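If you want the building blocks of each chain, they are given just below.
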Amino acid sequence: MEIDFKKEVESRKDAIINDLVGLIKINSELTSFDPNRKDAPFGEGIRDSLLYMLDIAKRDGFEVLNVDGYAGHIIYGNQNDFVGSIGHLDVVPAGNNWTFPPYGAIINNNRMYGRGTEDDKGPTIAFYYAMKILKDLKVPLTKRIKLILATDEETGWRGVEYYFKKFPEKPVSGFIPDADFPLIYAEKGIANIKIKGTCRENEVKKIEAGFRSNMVPDFCEATLKVANLLVMKQEFEQFLTKSSSQGSTRIENDQIIVRINGKSAHGSTPELGINAIWLMFEFLRKVTTENELVEIISKYFSGDTKGIKLGFSHTDKEMGDLTNNLGTLFYQDGKYEMDLNIRYPKGITANIITNKLAKTLEKFDLQVELERDQPLLYVDPNSDLVQKLMSVYVKHTNDKKAKPIVIGGGTFARAMPNVVAFGPHFLDKESFIHQKDEFIDLDDFFKAIAIYAESLYELSK
């Protein structure tokens, strides 16, 4: 059966944009997790996004199910074997200093701006419309297609864990629309490590930095109690100028609060951001008396995204370097907590990393805890699944030199077998995932839908 998938997408552009705008306008940041909050365990915004997607699918005649607000699914067909995918509707916090409102879904210069446009509401809509094209055309299939709607990808994966306890069936193949083209055949392991400790108090009374461990922190704010507030204000302003940084000061209750801005980036690529914690502690090291926290950050973290100073750096020839992101820090009353997000390749484990970290910092009064570990993913790049998807990608892009790749990001390809991550981001284009001014290029978006539709056809025909 010959289908012009590009033409099918073209004829639906207005409907696609309209549905995407409505989804982006819903603020679906995690508020809190409360299993006793009926149908909204992750908060009202995430619930509303889930209901929005299910309502769209009901409108279009799909079989849908809301699984207690933890997840949902959209199904086309009734065959036993199925082609599966997972898209997530939660987003990381918007952060600061956007050019356009983060939940405005503003279109400018052929880009739609908004948190979730590329991670992962836009891609979820893309997969949905790929399903819809096949349904609209009444294409005969030998496998049903299932899109699982997840709600907790950016924090704990509790939504999909709940879903698979109720629906443990496994797909025969599939792909996750939450990464890069041409295709991801391997993903680094992800370790979330928390460090808690105490230190001598000095002029620093409070520090707050970062939103999530998997984001490079774009701000760090410190409250200082010093003899001469105006002198400190002047020193901080001079530091901002010298370091070419942005920031602010304010005086409250005989204390000065200094704030410095960094540049956010995805936790898997911390080298692409500017860690505001590093900047703040460079300043604190110069203007305050030494304490353990200043020593720890300055000596073991600042300027290092590979864990070299902490003793657990590692490189694999195929999967690349380990990366370490110091994502959050909170300090008050001589107690501190910080969260690390570490992406590790083959040849090292989360337990080895944790033990090496604890050994390096053993002289300090602190505890190191491995909070979560997602082991790495590896799919044979010569497998039938990879080869089919790659052939569709090459057909639509004419990129005959394309090769499947490895990433440090973690996708839901780890959540169920027989799937890989596949688009929608094209590697030659800039990306602002987990940063301010996140956007999706609309031409690339529509191309991805055509690729997804033909890929679903090839996998399920």
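Scroll up for the structure.
About the cut-offs
- Residues numbered from 1 in each chain as written.
- Predicted model: local features only at pLDDT ≥ 70, side-chain atom pairs only at ≥ 80, totals over all residues.
- Heavy atoms only, no water.
- Axes fitted to C-alpha atoms, helices over the stretch in contact; angles between N-to-C directions.
- Helix = DSSP H or I, 4+ residues; strand = E, 2+ residues; numbered from the N terminus.
- Parallel < 35°, antiparallel > 145°, perpendicular 65-115°, else oblique.
- Left-handed = near helix turned anticlockwise from the far one by under 90°.
- Contact = heavy atoms within 4.5 Å.
- Nonpolar A, V, L, I, M, F, W, Y, C, P; charged D, E, K, R; others polar.
- Pairing = 2+ DSSP bridges.
- Buried < 20%, exposed > 50% of the residue type's maximum accessible area, 1.4 Å probe, protein only.
- Core = buried A, V, L, I, M, F, W, Y, C linked by side-chain atoms within 4.5 Å.
- Disulfide = S-S within 2.5 Å.
- Polar contact = N/O pair within 3.5 Å; in protein donor to acceptor, adjacent residues only side chain to side chain.

1. As for the packing of helix 6 (residues 229-242) against helix 7 (residues 276-287)
Okay, step 1: Their axes nearest at 11 Å, the elements helix 6 and helix 7 cross at an angle of 135 degrees. Considering the angle they form, helix 6 stands oblique to helix 7. In terms of crossing hand, the pair formed by helix 6 and helix 7 is right-handed. Where helix 6 approaches helix 7, its residues Met232, Glu235, Phe236 and Phe239 are matched on the opposing element by Leu279, Glu282, Phe283, Lys286 and Val287.
Okay, step 2: Looking at the contact of helix 6 with helix 7 residue by residue, the class counts come to six nonpolar, no polar and three charged.

2. So, the packing of helix 4 (residues 121-136) against helix 11 (residues 442-460)
Okay, step 1: It is at 8 Å that the axes of helix 4 and helix 11 come closest, and there the two elements cross at 50 degrees. One finds that helix 4 runs oblique with respect to helix 11. The element helix 4 and its partner helix 11 pack so that their crossing is right-handed. In this structure, helix 4 contributes Gly122, Pro123, Ile125, Ala126, Phe127, Tyr129, Ala130, Met131, Ile133 and Leu134 to the contact, and helix 11 contributes Phe445, Ile449, Tyr452, Ala453, Leu456 and Tyr457.
Okay, step 2: Split by residue class, the contact of helix 4 with helix 11 holds 15 nonpolar, one polar and no charged.

3. So, the sheet that holds strand 18 (residues 335-344)
Okay, step 1: Pairing in this open sheet of eight strands is antiparallel, and the strands run 13-14-12-11-17-18-10-19 from one edge to the other. With partners counted over all chains shown, the strands left at the sheet margins are strand 13 (247-252) and strand 19 (366-374), one partner each. Averaged over all neighbouring strand pairs, the angle between strand axes comes to 20 degrees, with direction disregarded.
Okay, step 2: Of the pairings in the sheet, the one linking strand 10 (residues 189-198) to strand 18 comprises ten bridges and is antiparallel in character. Bridge pairing links lysine 196 to glutamate 337 in strand 18.
Okay, step 3: With respect to the sheet, helix 6 is in contact with strand 12 (219-224), strand 13 and strand 14 (255-261), its orientation differing from that of strand 14 by roughly 5 degrees.
Okay, step 4: The strands touched by helix 9 (residues 350-360) within the sheet are strand 10, strand 18 and strand 19, with strand 19 carrying the most contacts at an inclination of about 165 degrees.

4. Remarks on the pairing of strand 18
Okay, step 1: With eight of ten residues buried, strand 18 lies mostly within the body of the structure.
Okay, step 2: In the sheet, strand 17 (residues 323-332) pairs with strand 18 via nine bridges, with the strands oriented antiparallel. By the bridge assignment for strand 18, asparagine 325 is matched with asparagine 341.
Okay, step 3: Hairpin connection between strand 17 and strand 18: a loop of two residues separates the two successive antiparallel strands, and aspartate 333 in this loop has a positive phi of roughly 55 degrees.

5. Overview of the nonpolar core
Okay, step 1: Counting 80 residues, the largest nonpolar core has Ile74 and Phe445 as its most contacted members.
Okay, step 2: Grouped together as the second largest cluster of nonpolar side chains are 50 residues, Cys220, Ile260, Leu340 and Leu361 included.

6. Some points on the state of the cysteines
Okay, step 1: Enumeration according to the criterion identifies zero disulfides in this entry.
Okay, step 2: There is no disulfide at cysteine 199, and the cysteine sulfur nearest it, in cysteine 220, is 14 Å away.
Okay, step 3: The class for cysteine 220 is buried, based on a relative accessible area of 0%.

7. A short note on the side chain of lysine 194
Okay, step 1: With respect to the helices and strands, the residue lysine 194 is situated in strand 10.
Okay, step 2: Polar side-chain contacts of lysine 194 include one of 2.8 Å to the side chain of aspartate 339.
Okay, step 3: Residues within four places of lysine 194 in sequence aside, it is in contact with Glu337, Met338, Asp339, Gln367, Val368, Glu369 and Glu371.

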